[in-house]
Amino acid sequence: MEKKELGFNEYQKHAFNLISPEGKKDMITNGVLGLAGEAGECCDIVKKYKYQGHELDKDHLKDELGDVLWYIAETASGLGISLEEVAQYNLDKLHKRYNGETFHAKDSINRDE
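Cut-offs and rules
- Residues numbered from 1 in each chain as written.
- Predicted model: local features only at pLDDT ≥ 70, side-chain atom pairs only at ≥ 80, totals over all residues.
- Heavy atoms only, no water.
- Axes fitted to C-alpha atoms, helices over the stretch in contact; angles between N-to-C directions.
- Helix = DSSP H or I, 4+ residues; strand = E, 2+ residues; numbered from the N terminus.
- Parallel < 35°, antiparallel > 145°, perpendicular 65-115°, else oblique.
- Contact = heavy atoms within 4.5 Å.
- Nonpolar A, V, L, I, M, F, W, Y, C, P; charged D, E, K, R; others polar.
- Phe/Tyr/Trp six-rings, centres within 6.5 Å; stacked < 30°, edge-to-face > 60°.
- Buried < 20%, exposed > 50% of the residue type's maximum accessible area, 1.4 Å probe, protein only.
- Core = buried A, V, L, I, M, F, W, Y, C linked by side-chain atoms within 4.5 Å.
- Salt bridge = Lys/Arg side-chain N within 4 Å of Asp/Glu carboxyl O.

> How do you make sense of the packing of helix α1 (residues 8–16) against helix α5 (residues 83–97) when you look at a structure like this?
The description of two packed helices rests on the angle between their axes and on the distance between the axes. Two numbers describe how α1 lies on α5: the axes approach to 7 Å, and their chain directions differ by 135°. Of the possible angle classes, the one that applies to α1 and α5 is oblique. Contact residues: α1 offers F8, N9, Y11 and Q12, while α5 offers L83, E84 and A87. Taken together, the residues of the contact of α1 with α5 break down into four nonpolar, two polar and one charged.

Below you can see the structure in the form of structure tokens.
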């Protein structure tokens, strides 16, 4: 069976249904705390690879990235915004910062905060 592409907003709808009742009481706090924990797990995988002689466990990192995405979706839902809105806002900000479609170090160094 062929999988169809899943858009951000469709993902967010499915993820919302998987938030616990307790989590739905304060999706922003639950979301950012979960995000911090899962991002830390991503960091730990890369740390073990870079500094402790482990192989890079891509499947484990993929799994943790999915958890990061889930908590981002929860936080966005708590804010009443869509993931597509977050993604577009971020791209608009970066295009403005880097004066177009491509990263240039000079734009990063001399950017307005």
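> Teacher, can you tell me more about the packing of aromatic side chains here?
Think of a pair of aromatic rings as described by two things: how far the centres are apart, and how the planes are tilted against each other in angle. Tallied over the full model, the rule gives one aromatic pair. Between W70 and Y71 the ring centres are 4.9 Å apart and the planes differ by 90°, which places this aromatic pair in the edge-to-face class. Of the two residues, W70 and Y71, neither departs from the other in class, the shared state being buried.

> Whenever I open this one, the nonpolar core confuses me. Can you help?
One recurring pattern in soluble globular proteins: nonpolar side chains tend to sit buried together. If you look at the biggest cluster of nonpolar residues, it comprises nine residues: Y11, A15, I19, M27, W70, Y71, A73, A76 and L83. If you tally residues by element for this core, the top one is helix α4 (residues 58–79), at four residues.

> Mind showing me how you'd approach the pattern of salt bridges here?
Think of it this way: side chains of opposite charge can pair up when their charged atoms draw near. Counted by the stated rule, this structure contains three salt bridges. When the shortest N-O distance is used, the salt bridge between E22 and K25 registers 3.0 Å. You can call E22 exposed: its relative accessible area is 57%. Overall, K25 belongs to the exposed group, its relative accessible area being 64%. In this structure, D44 engages K48 in a salt bridge whose closest nitrogen and oxygen atoms are separated by 3.3 Å. Residue D44 and its partner K48 are located together in helix α3 (residues 27–51), separated by four residues, close to a single helical turn. Of the residues examined, D44 reaches a relative accessible area of 28% and is grouped as partly exposed. With a relative accessible area of 30%, K48 lands in the partly exposed category. Counted as one network, the salt bridges with shared partners bring together D44, K47 and K48.

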